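So you can see what is in the structure, the chains are spelled out below.
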Amino acid sequence: MTNKKALIVDDEPDIRELLEITLGRMNIDTASAEDVTSAKVLLEAQSFDFCLSDMNLPDGNGIELVQHINDHYPHLPVAMITAHGSMESAVEALKAGAFDFVSKPVNLDQLRNLVDTALNLKPLDGKSDINAPSLLGEASAMKVLRKQISKLARSQAPIYISGESGSGKELVARSIHENGPHQDGPFVPVNCGAIPSELMESEFFGHTKGSFTGAVSDKEGLFQAANGGTLFLDEVADLPLPMQVKLLRGIQEKAIRPIGGQQEISVDVRILSATHKDLAKEVELGNFRQDLFYRINVIELSVPSLRERVDDIPILADSLLGRIAEEYEMPAPKISSDALKMLQGYNFPGNVRELENILERAVTLCENDVITAEDLQLGGAALAPVTTEPLETKTEPQGGSSTESPTPSGEDARKLSLPEDEESLDSYLENIEKNVIVEALEATCWNKTAAAKNLGITFRALRYKLKKLGLE
């Protein structure tokens, strides 16, 4: 088997020799150049699998070489060697198309990881198709998105995925991971807004036994769990400022230190991040550090809303109905033309996630395995979606009485004491539904057909609810 071959570009003989020895021990053949001009000559004369270049060269800089390689040898991954602490240079190189970077003094473990990853890249075949079965749609916006993913998956550059809630940002992140060189490594998604601030450092970096009260054993953090793969920071705008500082250092140094640990641990992790908020606006407001924004937003990838690809709704609906039917072990219903027309007239503030919720509800209501426009229960929402703003209740003054509603008491007060937050309300309503269904089943000796009739719902709807509520 023929060895891989790397081009090393550096004007310092000692650095070139160190890199040649390191790559040679990895069974990689090398050729060396001391400047941009001689590197271009070697590129024209020989074939390479990888290029490693210093940023500062006698007759130019590494950025020029990156651009030259991207223009003439797009299959060739090129990594940069940057000065210690010079993140501006590293980011500039990544924006220009560099595969990755390593800082001086060169950490040989990091270098070996970088080279291994670069050599595992899929060869370019001239196609923009990617393995992304979850990113359905033939709208132009989706074709552009898939083409961008195909290109960006070959890089290790941090990517900021922007888009509205429910538009599929995590699916995009998974597709980047699954089509990149780390596809066999772990994909670790984390909702930054769901971690209590006091546990955040431990969750991200881990801790050692006895490092704080309650630390009864060593714990691996998210960076270690994602080592050799991808860490997806969802809702990154929700990170508290103190944690942003620590996260920035971990990303820049490619190393983390667990709480209570004495040494830093090198990690080979690609960072993808997303939020439904305007991150640039959060920086202006002082809620998000500009240096971290600059570091994670090397490349921005925008995910289109469902409103921007209305023609994809039929194929999305068909796929979602098949998945819902499979999950609840029932035949997949068809969707009528009137129902499709209504869906395509709706503006979907909740995007694909809302489409899935609407169809899931419609599956329980439809008769004869056909979803009608009435089953969608959109009402007038197709033209004016319901807002989530709370409604104010007003009472007309009578005589000289107060305009405030009387305070309920006794049984009425208990009925009105609902949970305030949405998650608790969902659980509250789910428990009520579960109790009602159990009572109906017990009254009919668990005859599902009779119970469904007594509840005034279809047998299909009852089967769906039993599955969803874990009552099977």
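Here is a short report on the structure shown in this document. Here the structure is a predicted model, which means the values were calculated and not measured.

Before going further, it helps to spend a moment on the pattern of salt bridges. Inspection of the entire model under this criterion finds 16 salt bridges. Residue Glu201 pairs with Lys246 through a salt bridge whose shortest N-O separation is 2.9 Å. Pair noted here: Glu201 is in helix α8 (residues 200-205) and Lys246 is in helix α10 (residues 241-253), with a separation of 45 residues, a long-range link. Residue class for Glu201 comes out partly exposed when judged on its relative accessible area of 27%. Residue class for Lys246 comes out partly exposed when judged on its relative accessible area of 37%. Between Arg309 and Asp312 there is a salt bridge, and its shortest N-O distance comes to 3.3 Å. When sorted by exposure, Arg309 lands in the same class as Asp312, which is buried. Here the residues in one salt-bridge network are Glu12, Asp54 and Lys104, joined through shared partners.

The subject of this paragraph is the nonpolar core. With 46 residues, the main nonpolar core has Ile161 and Val172 as its most contacted residues. Tallying contributions element by element places helix α4 (residues 87-96) first for this core, with 5 residues. Counting residues in hydrophobic clusters, the runner-up holds 30 residues, among them Met200, Val236, Ile256 and Val283.

Next up on the list: the side chain of Thr275. Mapped onto the secondary structure, Thr275 falls in strand β13 (residues 269-275). Since its relative accessible area comes to 0%, Thr275 is described here as buried. A polar atom in the side chain of Thr275 sits 3.1 Å from the side chain of Glu235. One polar contact links the side chain of Thr275 to the main-chain amide nitrogen of Lys277, over a distance of 3.1 Å. Non-local contacts of Thr275, meaning those with residues more than four positions away in its chain, are made with Tyr160, Ile161, Ser162, Gly163, Lys169, Glu235, Val236 and Ala237.

So, how was this worked out
Residues numbered from 1 in each chain as written. Predicted model: local features only at pLDDT ≥ 70, side-chain atom pairs only at ≥ 80, totals over all residues. Heavy atoms only, no water. Salt bridge = Lys/Arg side-chain N within 4 Å of Asp/Glu carboxyl O. Helix = DSSP H or I, 4+ residues; strand = E, 2+ residues; numbered from the N terminus. Buried < 20%, exposed > 50% of the residue type's maximum accessible area, 1.4 Å probe, protein only. Core = buried A, V, L, I, M, F, W, Y, C linked by side-chain atoms within 4.5 Å. Polar contact = N/O pair within 3.5 Å; in protein donor to acceptor, adjacent residues only side chain to side chain. Contact = heavy atoms within 4.5 Å.

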